[in-house]
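# A structural walkthrough
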Amino acid sequence: MIEKTDFPKGQNEVVFTIYDTRIHLLDENLDAGMQAPKETVVPIWLNVMVPDIKETFQRAMDHGWQELMPLTNMSDFGVTNAVVADTFGYQWMLHQIHKEVSFEERQAMFEQGMDE
């Protein structure tokens, strides 16, 4: 955690880092046009590369986050991933890269799968 405010609801922000990526989140503030995720509307997810996905996933579960997609090994693509939602409804896709697979290789695999 880098910064965290404790103002009235709608005026708060938090700044933190995850694996050297700086994240800045703000409270929902409808007067300013900022809407937090709802159960039926989740506009984005944050994609984070992690060095140990099993450990990171378990820490999320231990902190009350919700599993949306379990740990999934995609060996052809060289990754394991999972999707979790934090206690505010933000979705996080966790990735651990096991081997580099080029964009062209990934694109060819997707195209081959679409032809089958």
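Residues numbered from 1 in each chain as written. Predicted model: local features only at pLDDT ≥ 70, side-chain atom pairs only at ≥ 80, totals over all residues. Heavy atoms only, no water.

### Things to note about the packing of aromatic side chains
Applying the stated criterion to the full structure yields 2 aromatic pairs. A network of ring pairs unites the aromatic residues Phe16, Trp65 and Trp92 as a single cluster. (Phe/Tyr/Trp six-rings, centres within 6.5 Å; stacked < 30°, edge-to-face > 60°.)

### Some points on the confidence of the model for the chain
Predicted confidence across the chain gives a mean pLDDT of 86, with 93% of residues reaching 70 or more. Here helix H2 (residues 103–115) stands out as the element of the chain with the lowest mean pLDDT, 81, in contrast to helix H1 (residues 53–62), whose mean of 97 is the highest. (pLDDT = per-residue confidence, 0-100. Helix = DSSP H or I, 4+ residues; strand = E, 2+ residues; numbered from the N terminus.)

### Structural notes on the nonpolar core
Among the nonpolar cores identified, the biggest contains 13 residues, and Phe16, Val84, Trp92 and Leu94 are the most heavily contacted of them. For this core, the secondary structure elements donating two or more residues are strand S2 (13–18), strand S3 (21–26), H1, strand S6 (79–85) and strand S7 (91–97). Of the residues forming this core, the biggest block, 3 residues, is contributed by H1. When near neighbours in sequence (up to four residues on either side) are disregarded, Val84 contacts Phe57, Ala60, Met61, Trp65, Gln66, Glu67, Leu68, Tyr90, Gln91, Trp92 and Leu94. (Core = buried A, V, L, I, M, F, W, Y, C linked by side-chain atoms within 4.5 Å. Buried < 20%, exposed > 50% of the residue type's maximum accessible area, 1.4 Å probe, protein only. Contact = heavy atoms within 4.5 Å.)

### A look at the side chain of Thr56
For Thr56, the position within the fold is in helix H1. Take Thr56: its relative accessible area is 15%, and that puts it in the buried class. Looking at Thr56, its side chain comes within polar contact range of the side chain of Tyr19, at 3.0 Å. Residue contacts for Thr56: discarding those within four places in its chain leaves Tyr19, Val50 and Leu94. (Polar contact = N/O pair within 3.5 Å; in protein donor to acceptor, adjacent residues only side chain to side chain.)

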